[in-house]
Amino acid sequence: MTLDEYATAVSALEPSEGEIETTELVVTDDVLVKAFALGPDAELEAHDHPDSTNVFHVLEGTVTVVRGDESEAIDAPGVVHHERGAVHGARNETDETVVFTASLCPLPS
């Protein structure tokens, strides 16, 4: 038995160039943790969560995180905190698949 659910959860994520694949790692009444695998040149469009805090954990590769008009390449391991209502997104500017999780808390009602 293993308590770590990461390897099993992301083992089937194999996005092609320009594609995003996702899986939910944890879903409870008050938190969502979702894994994102971005193929080369893939982009998670900028969006916001007006009533929730969002935290990215970069686990594999280098993810370019976008917040408002700014962007920064974040290498694994890395953590990026987005305040409630912050417009944020991510893109893969590398030739390899990148993986990060996004934790959302509290969940919108």
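Parameters and conventions
Residues numbered from 1 in each chain as written. Predicted model: local features only at pLDDT ≥ 70, side-chain atom pairs only at ≥ 80, totals over all residues. Heavy atoms only, no water. Pairing = 2+ DSSP bridges. Helix = DSSP H or I, 4+ residues; strand = E, 2+ residues; numbered from the N terminus. Axes fitted to C-alpha atoms, helices over the stretch in contact; angles between N-to-C directions. Core = buried A, V, L, I, M, F, W, Y, C linked by side-chain atoms within 4.5 Å. Buried < 20%, exposed > 50% of the residue type's maximum accessible area, 1.4 Å probe, protein only. Contact = heavy atoms within 4.5 Å.

Taking strand neighbours across the sheet as the criterion, the 4 strands line up as E3-E8-E5-E6 in an open arrangement whose pairing is antiparallel. At either margin of the open sheet sits one strand with a lone partner, and together these are strand E3 (43-47) and strand E6 (70-75). Within the sheet, the average angular offset between the axes of one strand and its neighbour, ignoring direction, is 20 degrees. As paired elements, E3 and strand E8 (residues 88-91) share 3 bridges and run antiparallel to each other. Within E8, the position partnered with His-47 by the bridge is His-88.

Phe-36, Leu-38, Phe-56, Val-63, Val-65, Ala-90 and Phe-100 are the most contacted members of the largest nonpolar core, which totals 14 residues. Broken down by element, the residue count for this core peaks at 3 residues, all from strand E9 (residues 98-105). Those residues within four positions of Val-63 in sequence are excluded, and the remaining contacts are Val-58, Glu-72, Ala-73, Ile-74, Ala-90, Arg-91, Val-98 and Phe-100. Listed in part, the 7 residues of the second largest apolar core include Val-10, Leu-13, Val-33 and Ala-35.

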